[in-house]
Amino acid sequence: MGYTIRWLRLLTPAALVVLLICGVVRSAVAGDWNVPAQQLARKIVAVTGPGAVTVTVENRSSLGKKDVDAIASLLRAELEAAGARPAAPEQSAATATVTLSENPQSCVWVVEIHQGARESKVVLVSMPRRDLAGFEHETMPVTLRKIPLWAQEFRILDVLVLEEDSAPKQIAVLDAEKVAIYRLKNGKWQQEQALGITHARPWPRDLRGRVVGSRDHLMDVYLPGVFCRSTTSLPLALNCRESDDPWPLTSDAAIPPLGGFYSASRNFFTGALTPGVGKLTTVAKFYSAAAVPRDKYVLWFFAGTNGQTHLVDGMTDQSVKLGLGSDVANVKSACGTGWQVLATSAEDRNAERGADSVRAYEITDRELVPVSSPLDFSGEITALWAEAKGNSAIAVVRGRETGEYEAFRLAVGCSQ
């Protein structure tokens with residue numbers, strides 16, 4: 001089977017997109033692909049008409065070979081029943097490339113149809129992922145693990161690792177009123193210094209903030225309406241002032257610098273960017289952002305306040321529903337394509353579980369494909385920030401039972 005996907009074409013005006021809402025195929029049970037195969041075959045024949053058609057099936061999902069082969073056989077049988085005859089390319093006037101893909105919410109089968117010089121047309125069906133339990137899945141290529149850094153009663157906004165060898169040895173912990181610096185001695189964290197944060201206005205209810213390393217001084221601190229810079233001489237202190245300076249959205253050298261303006265009275269970015277992504281200097285309001293370098297551009301993900309994910313490449317801003325939560329971050333690794341997006345799930349935060357999870361995804365064209373199993377936490381994720389080193393991220397979790405905040409480093413590994 002091939003491993004390509006052409007989701008981008010679904011977003012172009014030239015494509016004809018036919019979508020079956022998940023509820024339509026809800027009658028398909030585990031191990032039974034007959035209903036979606038039959039409906040997709042009818043959609044294909046509605047475009048090609050009866051006659052010879054070349055069909056290829058490409059798997060870009062986590063389904064195993066057994067299920068993929070079963071789907072291919074069912075689809076060809078349903079095409080014949082609908083009046084089409086599978087044939088070799090030289091014997092047919094139409095080709096149908098079927099891509100089996102998935103997103104956090106659904107299993108999606110996409111078909112791109114070519115007929116001579118006519119423009120390509122696309123049809124698809126989808127079924128809820130919860131109906132896929134029991135199918136054979138291949139091992140995910142990426143593993144995520146969490147490394148505990150610090151825990152405390154008061155809300156942790158961010159953690160900056162200042163010194164490390166095989167493990168962090170010195171950290172800076174940001175909360176609402178200070179940056180506390182700790183050093184690991186004899187297996188225990190000991191506070192070295194606490195740098196107070198001055199601010200004239202009360203903080204927003206859902207406070208967020210960042211602490212970022214700097215080349216010519218130790219750190220910068222970004223809070224709603226406030227910016228702080230550490231002094232260059234000892235003893236360290238923070239010089240804070242009211243500010244609407246943009247917060248850095250990336251510090252990885254492989255990604256062009258981009259800043260986002262943060263609301264001084266709310267818990268989100270306003271959508272104004274500097275210097276912008278290509279021609280675009282404004283996007284919809286968003287909670288967090290992640291970037292994935294491509295061959296000729298950088299694709300940005302903005303987790304919008306409306307539940308949509310905005311994909312921005314410098315020329316276009318496409319709003320799509322990917323089923324992601326409000327926290328996203330990018331990491332680079334030696335796995336897969338080399339870049340992954342870490343994201344919380346929109347479905348995790350609920351009254352029954354009271355807990356979140358993080359999962360790694362990769363992007364092919366504009367299709368987000370899960371490449372790791374969910375990494376579960378025992379509470380609500382309140383922050384997810386990429387680290388400057390690029391291959392890890394910081395996650396902050398509020399414990400479901402204790403109410404305490406705990407910060408973790410999320411490390412990416414390759415499955416064997």
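What counts as what
- Residues numbered from 1 in each chain as written.
- Predicted model: local features only at pLDDT ≥ 70, side-chain atom pairs only at ≥ 80, totals over all residues.
- Heavy atoms only, no water.
- Salt bridge = Lys/Arg side-chain N within 4 Å of Asp/Glu carboxyl O.
- Helix = DSSP H or I, 4+ residues; strand = E, 2+ residues; numbered from the N terminus.
- Buried < 20%, exposed > 50% of the residue type's maximum accessible area, 1.4 Å probe, protein only.
- Phe/Tyr/Trp six-rings, centres within 6.5 Å; stacked < 30°, edge-to-face > 60°.
- Lys NZ or Arg CZ within 6 Å of the ring centre and 35° of its normal.
- Contact = heavy atoms within 4.5 Å.
- Disulfide = S-S within 2.5 Å.
- Pairing = 2+ DSSP bridges.
- Axes fitted to C-alpha atoms, helices over the stretch in contact; angles between N-to-C directions.
- pLDDT = per-residue confidence, 0-100.
- Expected span 1.5 Å × (residues − 1).
- Parallel < 35°, antiparallel > 145°, perpendicular 65-115°, else oblique.
- Left-handed = near helix turned anticlockwise from the far one by under 90°.

With the rule as written, the count across this model stands at 15 salt bridges. Of the charged contacts, one joins glutamate 242 and arginine 201 as a salt bridge, the two residues approaching to 3.8 Å between their closest N and O atoms. Of this pair, glutamate 242 sits in strand S15 (residues 238-242) while arginine 201 sits in the loop between strand S11 (188-196) and strand S12 (210-213), and the two are 41 residues apart along the sequence. Residue classification places glutamate 242 among the partly exposed residues on the basis of a relative accessible area of 47%. According to the relative accessible area criterion, arginine 201 is exposed, its value standing at 57%. The partner of aspartate 220 in a salt bridge is arginine 229, and the shortest N-O contact between them spans 3.5 Å.

In total, this model carries eleven aromatic pairs according to the counting rule given. Taken together, the ring pairs connect Tyr222, Phe227, Trp247, Tyr262, Phe269, Phe286, Trp300 and Phe302 into an aromatic cluster. Across from the ring centre of phenylalanine 377, 4.5 Å away, lies the NZ or CZ of lysine 146, which sits over that ring. It is lysine 146 that lies over the ring of phenylalanine 408; its NZ or CZ is 5.7 Å from the centre.

Before going further, it helps to examine the side chain of aspartate 252. Position of aspartate 252 among the secondary structure elements: in the loop between strand S16 (247-248) and strand S17 (259-262). Taking the relative accessible area as the measure of exposure, aspartate 252 reaches 6% and is therefore buried. If we skip the residues at most four places from it in the chain, aspartate 252 touches Lys332, Trp339 and Gly390.

On to the state of the cysteines. For the coordinates displayed, the defined rule picks out two disulfides. Disulfide partner of cysteine 228: cysteine 240, at an S-S distance of 2.1 Å. Looking along the S-S bond of the cysteine 228-cysteine 240 disulfide, the torsion reads about 110°, which is the right-handed sense. Within this pair, whereas cysteine 228 is found in strand S14 (residues 226-230), its partner cysteine 240 is found in strand S15, the two being separated by twelve residues in sequence. With respect to burial, cysteine 228 and cysteine 240 carry one shared label: buried. The disulfide partner of cysteine 335 is cysteine 414, and the S-S distance across this bridge is 2.0 Å. Between cysteine 335 and cysteine 414, the S-S dihedral sits near -100°, and the bridge is therefore left-handed. Here cysteine 414 lies in strand S31 (residues 405-414) and cysteine 335 lies in the loop between strand S24 (324-332) and strand S25 (339-345), a separation of 79 residues in the sequence.

Moving on: unusual backbone geometry. The omega torsion across leucine 234 and proline 235 is -5°, close enough to zero to call that bond cis. Topologically, proline 235 is positioned in the loop between S14 and S15. Omega for the peptide link from threonine 274 to proline 275 comes to 0°, which places this bond in the cis form. Relative to the helices and strands, proline 275 resides in strand S18 (residues 269-277). In this structure, asparagine 186 is a non-glycine residue whose phi angle is positive, near 55°. Along the polypeptide, asparagine 186 turns up in the loop between strand S10 (178-185) and S11.

Before going further, it helps to examine the sheet that holds strand S7 (residues 142-152). What the four strands build is an open sheet, ordered S7-S31-S30-S29; its pairing is antiparallel. Where the open sheet ends on each side, the last strands, each with one partner, are S7 and strand S29 (379-386). Ignoring strand direction, the axes of neighbouring strands in this sheet form an average angle of 25°.

Once that is clear, we can look at the confidence of the model for the protein chain. Chain-level pLDDT for the protein chain is 85 on average; 86% of the residues reach the 70-or-more range. For residues 1-31, every residue scores under 50 in pLDDT, and the model assigns this stretch 81 contacts once sequence neighbours within four places are set aside.

The next point concerns helix H1 (residues 34-48). Taking 1.5 Å of rise per residue, the 15 residues of H1 would be expected to cover 21 Å, and the 21 Å separating its terminal C-alpha atoms lies within 8% of that figure. Those residues of H1 lying buried are Pro36, Ala37, Gln39, Leu40, Ala41, Ile44, Val45, Val47 and Thr48. Just beyond H1, the residue with positive phi is glycine 49, at close to 80°.

Okay, the packing of H1 against helix H2 (residues 65-81) next. Direction vectors running N to C along H1 and H2 enclose 50°, while the axes themselves pass 8 Å from each other. Taken together, the axes of H1 and H2 lie oblique to each other. Crossing geometry of H1 relative to H2 is assigned as right-handed. Packed against H1, whose contacting residues are Asn34, Ala37, Gln38, Leu40, Ala41, Ile44 and Val45, the element H2 presents Leu74, Leu75, Glu78 and Leu79 at the interface.

Most of strand S30 (residues 392-399) is tucked away, with seven of its eight residues classed as buried. Sheet analysis places S29 next to S30, joined by seven bridges and oriented antiparallel. Within the sheet, the bridge partner assigned to alanine 386 lies in S30 and is alanine 393. Taking the residues between adjacent antiparallel strands as the criterion, S29 and S30 are bridged by five residues, where glycine 390 takes a positive phi near 95°. Bridge analysis of S30 against S31 gives seven bridges, and the strand direction is antiparallel. When the bridges of S31 are listed, isoleucine 394 appears paired with arginine 409.

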